[in-house]
Amino acid sequence: MAWRAGLAALAGSTSGWLSRRRQPQHESRGATNVMVCSTGSWTSNLLFVPPSGFWADDDWYDLQMARRLPLCQDCLREFVYALPPLSGKRVVDVGAGTGRSAAAVAAAYPRAHLTLIDPDEGRLRTALVKLKRSWESSTAPLQEAPEPTLIAAALGSQQTPLPGCGGGYDCVLALQAVRHIVAPPAHYARKHGLAVTGPAQIREGYAKLFKGLLLSLVPGGHVFLGDHVVHGHPGVYEHCRLLEEAGFVDIDIAWRQNDWFVIGARRPVSPVQG
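Residues numbered from 1 in each chain as written. Predicted model: local features only at pLDDT ≥ 70, side-chain atom pairs only at ≥ 80, totals over all residues. Heavy atoms only, no water.

The protein chain is annotated in an unreviewed UniProt entry as Methyltransferase domain-containing protein of Symbiodinium natans.

Looking at the overall build of the protein chain
In terms of regular secondary structure, the protein chain is built from 10 helices and 8 strands. Taking all 274 residues of the protein chain together, the buried fraction comes to 50%. When contacts within the protein chain are restricted to residue pairs at least 6 apart in sequence, those whose partners lie at least 24 apart make up 71%. Of the roughly 12800 Å² of accessible surface on the protein chain, 55% is carried by carbon and sulfur atoms. (Helix = DSSP H or I, 4+ residues; strand = E, 2+ residues; numbered from the N terminus. Buried < 20%, exposed > 50% of the residue type's maximum accessible area, 1.4 Å probe, protein only. Contact = heavy atoms within 4.5 Å. Areas by Shrake-Rupley, 256 points an atom, 1.4 Å probe, with all protein chains shown as cover.)

A closer look at a nonpolar patch on the surface
A surface patch of nonpolar side chains, amounting to about 380 Å² of accessible area, comprises W42, L46 and L47. Checked against the element boundaries, L46 lands in the loop between α2 (29-39) and α3 (58-68). (Patch = residues over 30% accessible without salt bridge, like charges linked within 9 Å, V, L, I, M, F, W, Y side chains within 5 Å. Salt bridge = Lys/Arg side-chain N within 4 Å of Asp/Glu carboxyl O.)

Notes on the packing of helix α5 (residues 100-108) against helix α6 (residues 121-137)
The geometry of α5 relative to α6 is characterised by a closest axis approach of 8 Å and an angle of 20° between their N-to-C directions. With respect to their mutual orientation, α5 and α6 come out roughly parallel. Of the two possible hands of crossing, α5 and α6 adopt the one that is right-handed. Where α5 abuts α6, its residues R100, A102, A103, A106 and A107 lie against K130, L131, S134 and W135. Grouping the amino acids of the contact of α5 with α6 by side-chain chemistry returns 6 nonpolar, 1 polar and 2 charged. (Axes fitted to C-alpha atoms, helices over the stretch in contact; angles between N-to-C directions. Parallel < 35°, antiparallel > 145°, perpendicular 65-115°, else oblique. Left-handed = near helix turned anticlockwise from the far one by under 90°. Nonpolar A, V, L, I, M, F, W, Y, C, P; charged D, E, K, R; others polar.)

Some words on the pattern of salt bridges
Between side chains of opposite charge, a pair can form as their charged atoms come close. Under the criterion given, the structure shown has 8 salt bridges. R77 serves as the salt-bridge partner of D74, at 2.9 Å between the closest nitrogen and oxygen. Here D74 and its partner R77 are both found in helix α4 (residues 71-81), 3 residues apart, which amounts to about one turn of the helix. Taking relative accessible area as the criterion, R77 reaches 38% and is therefore assigned partly exposed. Of the charged contacts in the structure, one is a salt bridge between K208 and E204, with a shortest N-O distance of 3.2 Å.

Some remarks on the packing of aromatic side chains
Under the criterion given, the structure shown has 2 aromatic pairs. Aromatic pair Y206 and F210: ring centres 5.9 Å apart, planes at 85°, arrangement edge-to-face. You can see Y206 and its partner F210 sitting in helix α9 (residues 202-215), 4 residues apart, about one turn around the helix. F210 carries the same exposure label as Y206, and that label is buried. (Phe/Tyr/Trp six-rings, centres within 6.5 Å; stacked < 30°, edge-to-face > 60°.)

So this is what it looks like as structure tokens:
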């Protein structure tokens with residue numbers, strides 16, 4: 001099956017549909033995980049205040065996400081419910097991680113053409129397995145599920161289109177991703193060699209990234225953001241203002257509970273100045 005060939009390609013070669021970023025040997029996934037797990041006590045799991053836990057470890061991250069952030073499950077559910085029909089559409093998941101949002105979209109719209117972008121190749125492997133499970137549990141025949149595109153790349157606050165967009169995506173998804181792209185957490189920045197953004201640059205980073213997302217969409221294409229408000233980053237209202245400043249229209253809050261939110265917006269059909 002297509003997904004098996006894709007998984008083999010991801011595990012063993014740099015050819016095919018996966019764009020890979022070479023890492024120095026000491027920065028490989030295995031070496032990083034061994035370092036993190038061997039130097040930290042298990043008692044880090046007892047604290048819920050950062051930097052507790054082992055967020056750099058792919059499997060630990062996937063296991064602990066819903067436990068440590070219970071409303072992330074509700075956010076994901078409402079995120080998918082807010083989407084327009086995506087069958088046959090080109091959909092990109094920005095900061096895809098272990099594939100939580102991509103798998104949920106694949107279960108709802110198994111005929112969507114999915115592109116996943118994340119700097120962590122290990123998490124992309126996990127995402128591919130989740131996509132396979134979603135397709136197998138859907139009502140559509142597995143052979144009708146388009147082969148996904150996985151792009152191992154670190155995104156920044158750039159006013160440029162996303163990788164692989166070609167003629168443009170129909171929908172951009174960013175679930176718990178934008179704030180990590182704009183200002184990567186220290187452990188994530190170390191793991192992938194990313195620059196840490198200071199507080200003064202955060203709003204500007206959002207503005208540039210949102211402009212880049214706009215330029216990645218076909219005219220009339222949609223963007224959906226799901227996240228929770230954190231100190232030093234824009235609140236829900238400010239997210240909407242920044243989207244408007246970038247050129248988006250039809251901006252609205254699809255769901256909000258406590259500090260969690262889902263926002264949708266659309267690129268206008270008329271030409272956008274790059």
